Amino acid sequence: MASLPPRPSVPQPAPTPAPVPYVLALADDLSGAAETACALGGPVRLSLAADVAGSPAAHDLVVDLDTRHLPAAAAAYAVRTALRAAQAGPPRLLYKKVDSQLRGHLAAEAAAYAEGAEAVVIAPALPAAGRTVTGGVVHVNGVPLHRTDGWRAERAAAPRSLPEALSGLPVRTVPLDVVRSGPAALEAEFRRIADCGAHPAPDAETDADLDAVAAAALRLGPGFRLLGSGGLALALGRATARPAAAHPPAPPRDGAPLLFVVGTAEPAAVAQIAHLAALGAHHVTLDPAGLAAGTARLPRTAAVSALTVLSIDGSAGLRPCAGRALSAALGALAAAYPGGPDLVLTGGETARTTLDALGTRELEPLGEIHHGAVHSRTPDGRHVVTRPGSYGTEDSLLRIAAALRPRLAAAPAAT
């Protein structure tokens, strides 16, 4: 019997890739939360309340847990509570935002975040700000973190390595040559470390390194959670490649005052404020003792200025134990400033305490003015820029002023 001719092949449609779940990112301060929201790039909700379960499914969700000032046990509890609430909602990719200089309750929060995970991939490098990780050691502009002054406002000394910073959590560093050895080798190393009951901490010096780290973790599945700074959040945003969020035009507020609230202890802030003073800004330096005692008041001249800067007098040195109380007092003064000003808030605690005093529970991120300086809008239409205290070049605040008030920044300084 003659054999039948072969049946012609019918082209099969390519399988539709599974949709990538939206992200739940947990941050320990507001400036870091805003940075993460902007880095993810797609539709995003930035919440100042830990209301994880009620979030819309078709948005990334970034939550400021505001744990930097809490005791370590309370900070860990806040992370656990947010993760439990998230389990009641739609599946989400998990991201833990941490400080690129390892400040805050890193060990306690990372341990809570690791519960129930196959492994946590730990990558705090932030190349855009000169923060890299080599040999498991964080470097700031090439200098090991523990040899810089990045922790001068903290109560303890800076850790010498990621394993030391994450004491109590088994961490294995992944050398740079493995990170750059290709996807299969990097995934195999992450899996090998996880199978040993530990968590991989890959070195990274460039955004391409972080892209490789994020891609490997995503391919390994939701059991591998990501923990890092804004650099890894940017890599996650590039990997998920969501359509950019569409924002309705922000109406101009040229008639509203512009208030800069500088709560950071960074030395660079002095030069940044000087640029605003040259523009004609009214600079109000507040006595820390008066702030702590609740007796500090705004001078009458501040109320009539279109551009005002509030800062804390640091001439007597830093007071690490009083940081939260001073930020709260500074935030209360800023919230009471007349005229409903737009706000530029430097330092995560300053940003959070000011918005708490105003009763603001949510922000709509609009974009970045420069790296880390995130421009957002409140539900009542006020414009707010948040920026970590350690970010920005000498002209950072001037650039923010020019973005929010172009006509004011173009005008000659008052004499």
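All figures in this text were calculated on a predicted structure; none of them were measured in a lab. (Residues numbered from 1 in each chain as written. Predicted model: local features only at pLDDT ≥ 70, side-chain atom pairs only at ≥ 80, totals over all residues. Heavy atoms only, no water.)

Enquirer: Please clarify how the nonpolar core should be interpreted in this entry.
Expert: Nonpolar side chains tend toward joint burial in soluble globular proteins. If you look at the biggest cluster of nonpolar residues, it comprises 93 residues, and the most contacted ones within it are Phe 190 and Leu 232. Residue contacts for Leu 232: discarding those within four places in its chain leaves Tyr 95, Ala 123, Ala 125, Leu 210, Val 213, Ala 214, Leu 226 and Leu 227. Counting residues in each nonpolar core, the second largest holds 17 residues, with Leu 307, Val 344, Ala 373 and Leu 397 among its members. (Core = buried A, V, L, I, M, F, W, Y, C linked by side-chain atoms within 4.5 Å. Buried < 20%, exposed > 50% of the residue type's maximum accessible area, 1.4 Å probe, protein only. Contact = heavy atoms within 4.5 Å.)

Enquirer: It is not clear to me how helix H6 (residues 183–195) should be interpreted in this structure. Could you clarify?
Expert: Along an α-helix, residues three or four positions apart point the same way, because every turn accommodates 3.6 residues. Helix length check: H6, at 13 residues, gives a terminal C-alpha distance of 18 Å against a target of 18 Å (1.5 Å per residue), a fit within 8%. Of the residues making up H6, those classed as buried are Leu 186, Glu 187, Glu 189, Phe 190, Ile 193 and Ala 194. For H6, the buried positions fall inside an angular range of 160° around the axis, keeping them on one side. Away from its buried face by more than 90 degrees, H6 exposes Ala 184 and Asp 195. (Helix = DSSP H or I, 4+ residues; strand = E, 2+ residues; numbered from the N terminus. Expected span 1.5 Å × (residues − 1). Arc of directions from axis to C-beta.)

Enquirer: Where do I start with the layout of surface pockets in this structure?
Expert: One water molecule sets the probe size; rolling that probe over the atoms shows where empty space is left. Considered as a void within the structure, the second largest pocket measures approximately 260 Å³ in volume. Leu 93, Leu 218, Gly 221, Pro 222 and Phe 224 are the residues nearest the centre of the second largest pocket, which is lined by 14 residues in total. If you list the elements that add at least two residues to the lining of the second largest pocket, you get strand E4 (93–97), helix H7 (207–220) and strand E11 (224–228). Top contributing element to the lining of the second largest pocket by residue count: E11, with three residues. Of the residues assigned to the lining of the second largest pocket, the class counts are eleven nonpolar, one polar and two charged. (1 Å grid on protein atoms, 1.4 Å probe; cavity = no way out; pocket = protein on both sides within 12 Å on 5 of 7 lines; lining within 4 Å. Points joined across faces, edges and corners; volume = space filled by probe spheres on them. Nonpolar A, V, L, I, M, F, W, Y, C, P; charged D, E, K, R; others polar.)

Enquirer: What should I look at first to understand the pattern of salt bridges in this one?
Expert: If the charged atoms of two oppositely charged side chains come close together, the side chains can form a pair. Applying the stated criterion across every chain, the model contains 19 salt bridges. Of the charged contacts in the structure, one is a salt bridge between Glu 362 and Arg 45, with a shortest N-O distance of 3.3 Å. With a gap of 317 residues between them, Glu 362 in strand E16 (residues 362–370) and Arg 45 in strand E2 (residues 44–47) connect regions that are remote in the sequence. By relative accessible area, Glu 362 is classed as partly exposed at 34%. In this structure, the salt-bridge partner of Asp 149 is Arg 152, at a minimum N-O distance of 3.5 Å. By relative accessible area, Asp 149 is classed as partly exposed at 46%. Linked through salt bridges whose partners overlap, the residues forming this network are Asp 64, Asp 66, Arg 352, Asp 356 and Arg 361. (Salt bridge = Lys/Arg side-chain N within 4 Å of Asp/Glu carboxyl O.)

Everything listed is a geometric property; what it means functionally is a separate question.
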